[in-house]
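# Residue-level structural notes
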Amino acid sequence: MALSPAGELLGMAGFKSPAGSFAGGGMADLRAVYGWWGSQWRAAALWWLSREADNDRFLIDGICVAQSARGRGVGTALVAALCAEARARGYPSIRLEVVDTNWRARALYARLGFGITRTEGLGPCRHLFGFSAAITMVKPL
C-alpha cells in the first residue's frame, strides 16, 4: 500500500504466487458489493479472465492508484516494491497483464522495463468487459 503522510490511501498493489495472494477476495466480498445476482456473473467473468500463478515468474495481480495521486510516482513506487518482493522470493522475472485501453499504465510499465510478450483478444466478451484485449508484459529482474 502507498499512503500519504496524512494516512490517505494513494494506491495499492496485489500479487499472486503458488503460495497464495495479497489483496485477494472471494464470493462474500463480491456479494457485499454487487448483491447475489451481480456477484454470480462477475465471479464467472473473473474466473474466465483469471490467470494461474506460474512458478517461473512473479505475478502482479493488480495495481490501482487514486486518481488524485496519478502522475506523482505512486505507481512506480508500487512496482518497485513488487519487484523487490519478487527478488526476495527468488523469482527471475515479474509479469503482469494490462488491458489494451489502459495506455497510461502500459506506458509506465514500458518505461520501467516491461516488454510485451503476448496480446490476447477477448472476442465477443469485449462488450462485457469494456476492453478488447489483455496484454501480458514481463520484466527480467
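For the structure, see preceding data.
Per chain, the residues get numbers from 1 upward, laid out in the order the sequence is written. In keeping with the predicted nature of the model, local features appear solely for residues at pLDDT of at least 70, side-chain atom pairs appear and are counted solely at 80 or more, and the whole-chain, interface and lining totals rest on all residues. The side-chain figures draw on all heavy atoms in the structure; neither hydrogens nor water molecules are used.

## Let's talk about the nonpolar core
Taken as a class, soluble globular proteins show a tendency for nonpolar side chains to be buried jointly. This is how it is decided: What we call a nonpolar core is a set of buried Ala, Val, Leu, Ile, Met, Phe, Trp, Tyr and Cys residues that are connected through their side-chain atoms within 4.5 Å. Using a 1.4 Å probe on the protein chains alone, a residue whose accessible area is under 20% of its type maximum counts as buried, one over 50% counts as exposed, and one in between counts as partly exposed. Numbering goes from the N terminus for both helices and strands, where a helix is a DSSP run of H or I of at least four residues and a strand is a run of E of at least two. Residue contacts are counted whenever heavy atoms from the two residues lie within 4.5 Å of one another.
Counting residues in each nonpolar core, the largest one holds 24 residues, and the members touching the most others are Ile94, Tyr109 and Phe114. Sorting the residues of this core by element identifies β2 (9–17), β4 (58–65), α2 (74–88), β5 (93–99), α3 (103–111) and β7 (133–140) as the ones contributing at least two each. Ranked by the residues each element gives to this core, the list is headed by α2, at six residues. Residue contacts for tyrosine 109: discarding those within four places in its chain leaves Ile63, Val79, Leu96, Val98, Phe114 and Met137.

## Looking at a nonpolar patch on the surface
For the record, the criterion: In this scheme, patches are assembled from residues that exceed 30% relative accessible area and form no salt bridge. Like charges are connected within 9 Å, while nonpolar side chains (Val, Leu, Ile, Met, Phe, Trp, Tyr) are connected within 5 Å. All accessible-area figures derive from a Shrake-Rupley calculation using a 1.4 Å probe, and residue coverage is judged against the displayed protein chains alone. Put simply, a salt bridge is a Lys or Arg side-chain nitrogen that is within 4 Å of an Asp or Glu carboxyl oxygen.
Together, Met1, Leu3 and Leu9 give the surface a local cluster of nonpolar side chains, amounting to about 340 Å² of exposed area. Assignment of secondary structure puts leucine 9 in strand β2.

## Brief notes about the pairing of β5
Basically, it comes down to this: Here, a strand pair is defined by DSSP locating no fewer than two bridges between the strands. When the strands point away from the viewer, a crossover counts as right-handed if the route from the first strand across the helix to the second turns clockwise.
Of all seven residues that make up β5, five are buried, and the element is covered over most of its length. Sheet topology note: the β4/β5 ladder contains two bridges and is parallel. Residue pairing across strands places leucine 59 opposite arginine 95, the latter belonging to β5. With respect to chirality, the unit in which β4 leads through α2 into the neighbouring parallel β5 is right-handed. Bridge count for β5 against β7 is seven bridges, and the pairing is antiparallel. Looking at the pairing, valine 98 lines up with isoleucine 135 of β7.

## Looking at the packing of aromatic side chains
So the rule is basically this: Between 30 and 60 degrees the pair is tilted, below 30 it is stacked and above 60 it is edge-to-face, where a pair is any two Phe, Tyr or Trp rings, Trp via its six-membered ring, whose centres lie within 6.5 Å.
Using the criterion set out here, one finds three aromatic pairs in the structure. By the ring-pair criterion, three or more aromatic residues cluster together here, those being Phe15, Phe58 and Tyr91.

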